[in-house]
Amino acid sequence: MSRAKQPDALELPESLRQRELEIAREIARAFLTASRPLEVYRLALARVTPLVDASFSSVFLRDPADPSLLKLVCAQNWPQSSARFLGQMRIRVGRGPTGRAVAEATPFEVEDVFAEPGLREWWDPAREMGFTSLMSLPLRNATEVVGALTFYFTGTRRFDANERLLLATVTDQLAATAERAELIERLVSENVRLERENGHLAARARDAEQARRVKTEFLHNVSEEMRAPLGSLVGYAEMLAEDPVGRLSAPQRSTVVKIERAASMLLRLVGDLVDLSDLRLGRASNQPSEQEAVALAERAVSAAGPPPDGVAFRIEQPDGPVPIVADGDKVARILENLVSNAFKFTARGEVVLAVRATPLIAPAQGRQVVVEWEVRDTGIGIARADQPWIFDEMRQVDGTSTRLYGGTGLGLALSRSLAQLLGGEIAVTSEEGTGSTFTLRLQTSIP
Ligand code: ADP
């Protein structure tokens, strides 16, 4: 061991090293038991002050309201005579030993206050509080000096290099510990805030869900009420249009046909609304049974009606039948919507409904097949930017009152919800001016 070298931890005399270990242990314990920075300081001061033989000690931290001032935040054995000042004690950064330790970011020690004329203004407080020497150490976190820890001693006190090292170690550990506690405190309070906010948001989401349900119920009930009278209206208009006794003039018949078409369209809208609200309210259920995929396609096509003039239509199908287990009504309903749309938005060229089946190799449960019904058209197509929202309720690419194509804007929303209920999906690819392809994909078991 060389005496000429700067002292370091390894060179501390046995007794000091013992003390340093004790101090480190006390600070670690303070950190473990204290959850708030002030508690860390308080516990550390209580344990360390007697270990360094100080008669009392203090921690001053920068005042958040005015960082050029230091505020006494905790003290150990603070003399009774000055206890009344505890709450209001402020020291300006740069003034006195504690203020200078902070300003200069370096320890400030005074062996004998009364021997230093420069500290004359501290003589009275020193006499009153009963200290002669002191050691003030800056508390540093990663970026700045946040305050100072000061030990006060009754008699004159000379510090040797080892003690300085020991005290510097104490302060560094204390500052780091307090900073961590402060971070934890901030995290905890942020957590509390987030939890509270989460609670509010959950309550708002519940309210919104409730309001949405009430609205959907209302829509459902109104649509149900409208269904029966509209059904009669369509029926009577159809009868009238047939004109069994031949009394209608040509303009009268054309008017009746218009009434019948408008009422049918309204009936479709109301039917879609009932079905969609049933789905939204969770009242619709998947009713699978044995079906044949091509037959379902044919059923949908006959419900959609004939293609427009100038548009060819065909079904592409595999060689044999495609037996599946699925809810046939719902599959046919989805395909009818897709084929009707293809007919509506195609003026020339062709519409193809292709049926494909891919058996799954080594399925987990039983024999399974992926069925795809693909409806391809050579119609107006859908711009890329519009594709994400065509499945939203009441959304149409051309939403203006002067639009060329009729419709309710519910067909695709209903189709997608039905597909989800069946455990399947609908995908779209399209190019504006060239055409669109809508694909219903379902994985089903093979009967
Ligand atoms: P609508 O009753 O208006 O057809 P849908 O929900 O079925 O309502 O479709 C929503 C919108 O998606 C349509 O208004 C149209 O803009 C667009 N769309 C749907 N299918 C096609 C298609 N095959 N070709 C071009 N656009 C389509």
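Residues numbered from 1 in each chain as written. Predicted model: local features only at pLDDT ≥ 70, side-chain atom pairs only at ≥ 80, totals over all residues. Heavy atoms only, no water.

1. Focus on empty space enclosed by the protein
In this structure the tally under the stated criterion is two cavities of 30 Å³ or more. Its volume calculated, the second largest cavity comes out at about 30 Å³. Taken together, Glu-209, Arg-212, Arg-213, Thr-216, Arg-280 and Leu-281 make up the lining of the second largest cavity. Considering every element that reaches the lining of the second largest cavity, the biggest residue donor is helix α5 (residues 161-242), with four residues. Looking at the lining of the second largest cavity residue by residue, the classes come out as one nonpolar, one polar and four charged. (1 Å grid on protein atoms, 1.4 Å probe; cavity = no way out; pocket = protein on both sides within 12 Å on 5 of 7 lines; lining within 4 Å. Points joined across faces, edges and corners; volume = space filled by probe spheres on them. Helix = DSSP H or I, 4+ residues; strand = E, 2+ residues; numbered from the N terminus. Nonpolar A, V, L, I, M, F, W, Y, C, P; charged D, E, K, R; others polar.)

2. With respect to the confidence of the model for the chain
Mean pLDDT over the chain works out to 86, with 90% of the residues at or above the 70 mark. Counting contacts from residues 1-10, a segment whose pLDDT is below 50, to residues more than four positions away or on other chains yields 12 contacts. (pLDDT = per-residue confidence, 0-100. Contact = heavy atoms within 4.5 Å.)

3. Some remarks on helix α8 (residues 328-344)
When the terminal C-alpha atoms of α8 are compared, their 24 Å separation across 17 residues agrees well with the 24 Å that a helix rising 1.5 Å per residue should span. Taken residue by residue, α8 has Gly-328, Lys-330, Val-331, Ala-332, Ile-334, Leu-335, Asn-337, Leu-338, Val-339, Ala-342 and Phe-343 as its buried positions. (Expected span 1.5 Å × (residues − 1). Buried < 20%, exposed > 50% of the residue type's maximum accessible area, 1.4 Å probe, protein only.)

4. Re unusual backbone geometry
Even without being glycine, Asn-77 reaches a positive phi, approximately 60°. With respect to the helices and strands, the residue Asn-77 is situated in the loop between β2 (66-76) and β3 (90-92). One non-glycine residue with positive phi stands out, namely Asp-243, at about 45°. Topologically, Asp-243 is positioned in the loop between α5 and α6 (250-280).

5. With respect to the pairing of strand β13 (residues 435-445)
With respect to burial, β13 is a largely interior element, eight of its 11 residues being buried. As defined by bridge partners, strand β12 (residues 425-431) adjoins β13 across seven bridges and the pair is classed as antiparallel. By the bridge assignment, Glu-431 is partnered in β13 with Gly-435. Turn length for the β12-β13 hairpin, with the two strands adjacent in sequence and antiparallel, is three residues, and the turn residue Gly-433 shows positive phi of about 85°. (Pairing = 2+ DSSP bridges.)

6. Brief notes about the sheet that holds β13
Here we have five strands laid out as an open sheet, ordered β8-β10-β11-β13-β12, and mixed in their pairing. For this open sheet the edge positions go to β8 (311-316) and β12, each flanked by a neighbour on one side alone. Pairs of neighbouring strands in the sheet enclose a mean axial angle of 15°, with direction left out of account. The pairing of strand β11 (residues 368-377) with β13 spans nine bridges and is antiparallel. By the bridge assignment for β13, Arg-376 is matched with Thr-437. Relative to β11, α8 is tilted by about 20°, and along the sheet it contacts β8, β10 (349-359), β11, β12 and β13. Sheet strands touched by helix α9 (residues 411-421): β12 and β13. Its angle to β12, the strand with the most contacts, is close to 140°. (Axes fitted to C-alpha atoms, helices over the stretch in contact; angles between N-to-C directions.)

7. What about the layout of surface pockets?
The space that makes up the second largest pocket amounts to roughly 570 Å³. Forming the walls of the second largest pocket are 21 residues, and the residues nearest its centre are Leu-61, Arg-62, Pro-64, Val-146 and Glu-182. For the lining of the second largest pocket, the elements supplying multiple residues, two or more each, are α2 (37-51), β1 (56-63), β2 and α5. Looking at the lining of the second largest pocket, the element that brings in the most residues is α5, giving seven residues. Among the residues making up the lining of the second largest pocket, the classes are represented as 11 nonpolar, one polar and nine charged.

8. A word on the nonpolar core
A general feature of soluble globular proteins is that nonpolar side chains tend to end up buried together. Ile-324, Val-331, Ile-334, Trp-373, Phe-438 and Leu-440 are the most contacted members of the largest nonpolar core, which has 41 residues in total. Listed by contribution, the elements that provide at least two residues to this core are α6, α7 (293-304), β9 (323-326), α8, β10, β11, α9 and β13. Per-domain counts for this core show at least three residues from each of domain 2 (206-280) and domain 3 (289-445). If you look at the next biggest cluster of nonpolar residues, it comprises 28 residues, including Ala-54, Leu-61, Leu-137 and Ala-178. (Core = buried A, V, L, I, M, F, W, Y, C linked by side-chain atoms within 4.5 Å. Domains from an automatic or database assignment.)

9. Focus: the packing of aromatic side chains
Evaluated as defined, the whole model comprises nine aromatic pairs. Seen from their ring centres, Trp-78 and Tyr-152 are 6.1 Å apart, and the 90° between their planes marks the pair as edge-to-face. Placement of the pair is Trp-78 in the loop between β2 and β3 and Tyr-152 in strand β6 (residues 145-153), with a sequence separation of 74 residues. Take Tyr-152: its relative accessible area is 6%, and that puts it in the buried class. Aromatic rings pair up to connect Phe-56, Trp-78, Phe-131 and Tyr-152 into one cluster. Directly above the ring of Phe-153 sits Arg-157, whose terminal nitrogen or CZ lies 4.8 Å from the centroid. Here Arg-416 stacks its cationic end above the ring of Phe-391, 3.7 Å away from the centre of that ring. (Phe/Tyr/Trp six-rings, centres within 6.5 Å; stacked < 30°, edge-to-face > 60°. Lys NZ or Arg CZ within 6 Å of the ring centre and 35° of its normal.)

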